[in-house]
Amino acid sequence: MKLSKKKKNKQTVFCFNVQHVLPKIFPRKPRDFSLPNSSWGKEMMELYNHYNRLTADQSVYLCCVSSGGAYLSKIIQSKARLFTRNIRDPGAAFEYVLFFRQDKLKCVCIFQAGHLLEGPPGHVHGGAIATMIDTVTGTHASLLSAPVMTANLNVNYRSPIPLGSTVLIESILDKEDGRKMYISCRVTSTDGSKLHTEATGNCPQPGESSEGPSHL
Ligand SMILES: CCCCC/C=C\C/C=C\C/C=C\C/C=C\CCCC(=O)SCCNC(=O)CCNC(=O)[C@H](O)C(C)(C)COP(=O)(O)OP(=O)(O)OC[C@H]1O[C@@H](n2cnc3c(N)ncnc32)[C@H](O)[C@@H]1OP(=O)(O)O
């Protein structure tokens, strides 16, 4: 596994290159969705502050993955928007920030689920949960190697997530086999006492002959 030194910086990974291109395409500085906004509750803020403080510790090499992908898609198609960042009303849908811990090859995502993500009354939609898991496992595998596509995602829903609550989504690399990255993921309450969802995913780097997006 090759991790470039660039990734040790506190600021973003994917945003890094994209930021050089963006001003030519979009005159205004893009919004960084990983920064706190007024919709973030106390739990979300406390966890963000906790992990953000850890980013200062160079021996841990934790970094905050910013919102580069939210704008990357527009370069290819102007109306495109990253699914998880396409609702402008702060707090209405997916509020999340993702931290990557390089020494343990682990990701942790703090996710606050907004009222537009309802599935069963008062609880988060299973598709929204799977979306967040896919985002974390896909980003995690991409950070460890190169951009990937999710080939397979198995999700087990263990207990419902109350709408409006904040949860932790933690992923680890189980195995690397050639182009394939096997990642597992757990969604828990913020104190870790309640397991909401478990998942495993296989995220290979697309082969040269694959029909995946050409920009990957
Ligand atoms: C995409 C994103 C990340 C990019 C990040 C970069 C910048 C962005 C910045 C920030 C990040 C922002 C957001 C990230 C958010 C979300 C990430 C979402 C990820 C997705 O949401 S992505 C959409 C859903 N995803 C698809 O739309 C895939 C459709 N599909 C294909 O495009 C091909 O299917 C492909 C490419 C997967 C493989 O095709 P291929 O031709 O390259 O390779 P091949 O078929 O040979 O498979 C190679 C080895 O994987 C095994 N394998 C294949 N399929 C399997 C399966 N289903 N189960 C178990 N194993 C499987 C084979 O058995 C073989 O294994 P072996 O080598 O051992 O034989």
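Residues numbered from 1 in each chain as written. Predicted model: local features only at pLDDT ≥ 70, side-chain atom pairs only at ≥ 80, totals over all residues. Heavy atoms only, no water.

### Let's talk about the pattern of salt bridges
So, step 1. What the rule picks out here adds up to five salt bridges.
So, step 2. Two residues, Asp 103 and Arg 101, come together in a salt bridge whose shortest N-O distance is 2.8 Å.
So, step 3. Here Asp 103 falls in the partly exposed class, since its relative accessible area comes to 40%.
So, step 4. A salt bridge links Asp 177 to Lys 180; the nearest nitrogen and oxygen atoms lie 3.6 Å apart.
So, step 5. Owing to a relative accessible area of 39%, Asp 177 belongs among the partly exposed residues under this scheme.
So, step 6. On the basis of relative accessible area, Lys 180 is assigned to the partly exposed category, the value being 29%. (Salt bridge = Lys/Arg side-chain N within 4 Å of Asp/Glu carboxyl O. Buried < 20%, exposed > 50% of the residue type's maximum accessible area, 1.4 Å probe, protein only.)

### Section: the pairing of strand β5 (residues 166-177)
So, step 1. In this structure, strand β3 (residues 106-113) lies alongside β5, joined through seven bridges in antiparallel fashion. Residue Val 108 lies in a different strand from β5, and its bridge partner there is Glu 170.
So, step 2. The pairing of β5 with strand β6 (residues 180-189) spans 10 bridges and is antiparallel. Note that in β6 the partner of Val 167 across the bridge is Ser 189.
So, step 3. Following β5, the chain reverses through two residues before pairing antiparallel with β6; Gly 178 in that reversal takes a positive phi of roughly 60°. (Pairing = 2+ DSSP bridges. Helix = DSSP H or I, 4+ residues; strand = E, 2+ residues; numbered from the N terminus.)

### So, the site of the ligand
So, step 1. As a matter of local geometry, the ligand sits amid 20 residues, with Asp 134, Thr 150, Ala 151, Lys 180 and Gly 207 nearest to it.
So, step 2. Asp 134 has a polar side-chain atom sitting 2.5 Å from an oxygen atom of the ligand.
So, step 3. In the environment of the ligand, a nitrogen atom lies 2.9 Å from a nitrogen or oxygen atom belonging to the backbone of Ala 151.
So, step 4. Here the ligand loses 58% of its free accessible area of 1300 Å² to cover by the protein chains.
So, step 5. Listed by contribution, the elements that provide at least two residues to the shell around the ligand are α3 (68-76) and α4 (126-144).
So, step 6. In terms of residue count, the dominant contributor to the shell around the ligand is α4 (four residues).
So, step 7. Split into classes, the residues belonging to the shell around the ligand amount to eight nonpolar, nine polar and three charged. (Near = heavy atom within 4 Å. Polar contact = N/O pair within 3.5 Å; in protein donor to acceptor, adjacent residues only side chain to side chain. Areas by Shrake-Rupley, 256 points an atom, 1.4 Å probe, with all protein chains shown as cover. Nonpolar A, V, L, I, M, F, W, Y, C, P; charged D, E, K, R; others polar.)

### Details of the sheet that holds strand β2 (residues 94-101)
So, step 1. Taken in spatial order, the seven strands of this open sheet run β1-β2-β3-β5-β6-β7-β4, and their pairing is antiparallel. A strand with exactly one partner marks an edge of an open sheet, and here the two such strands are β1 (62-65) and β4 (152-157). Averaged over all neighbouring strand pairs, the angle between strand axes comes to 20°, with direction disregarded.
So, step 2. In terms of strand pairing, β1 meets β2 through four bridges, oriented antiparallel. Paired with Cys 63 across the bridge in β2 is Phe 100. (Axes fitted to C-alpha atoms, helices over the stretch in contact; angles between N-to-C directions.)

### Thoughts on the environment of Val 136
So, step 1. Relative to the assigned elements, Val 136 resides in helix α4.
So, step 2. Residues Val 136 and Phe 99 lie 37 residues apart in sequence; the distance between their C-alpha atoms is 9.7 Å.
So, step 3. When near neighbours in sequence (up to four residues on either side) are disregarded, Val 136 contacts Leu 98, Cys 107, Cys 109, Ile 169 and Ser 171. (Contact = heavy atoms within 4.5 Å.)

### Thoughts on the UniProt feature "domain: Thioesterase" (unreviewed entry) in the protein
So, step 1. Sites flagged by UniProt as "domain: Thioesterase" (unreviewed entry) map to residues 122-194.
So, step 2. Taken end to end, residues 122-194 is 26% helix and 38% strand, and its two terminal C-alpha atoms sit 17 Å from one another. (UniProt positions renumbered as here; feature names shortened; annotations may be inferred.)

### Quick word on the nonpolar core
Note that soluble globular proteins tend to have their nonpolar side chains buried in a common cluster.
So, step 1. Phe 94, Cys 109, Phe 111, Leu 117 and Ile 169 are the most contacted members of the largest nonpolar core, which totals 32 residues.
So, step 2. Secondary structure elements with two or more residues in this core: β1, β2, β3, α4, β5 and β6.
So, step 3. With eight residues, the single largest contributor to this core is α4.
So, step 4. When sequence neighbours within four positions are dropped, the list of residues in contact with Cys 109 reads Tyr 96, Val 97, Leu 98, Met 132, Val 136, Val 167, Leu 168 and Ile 169.
So, step 5. One finds Trp 40, Met 44, Leu 47 and Tyr 51 within the second-largest nonpolar core, a separate group that totals 13 residues. (Core = buried A, V, L, I, M, F, W, Y, C linked by side-chain atoms within 4.5 Å.)

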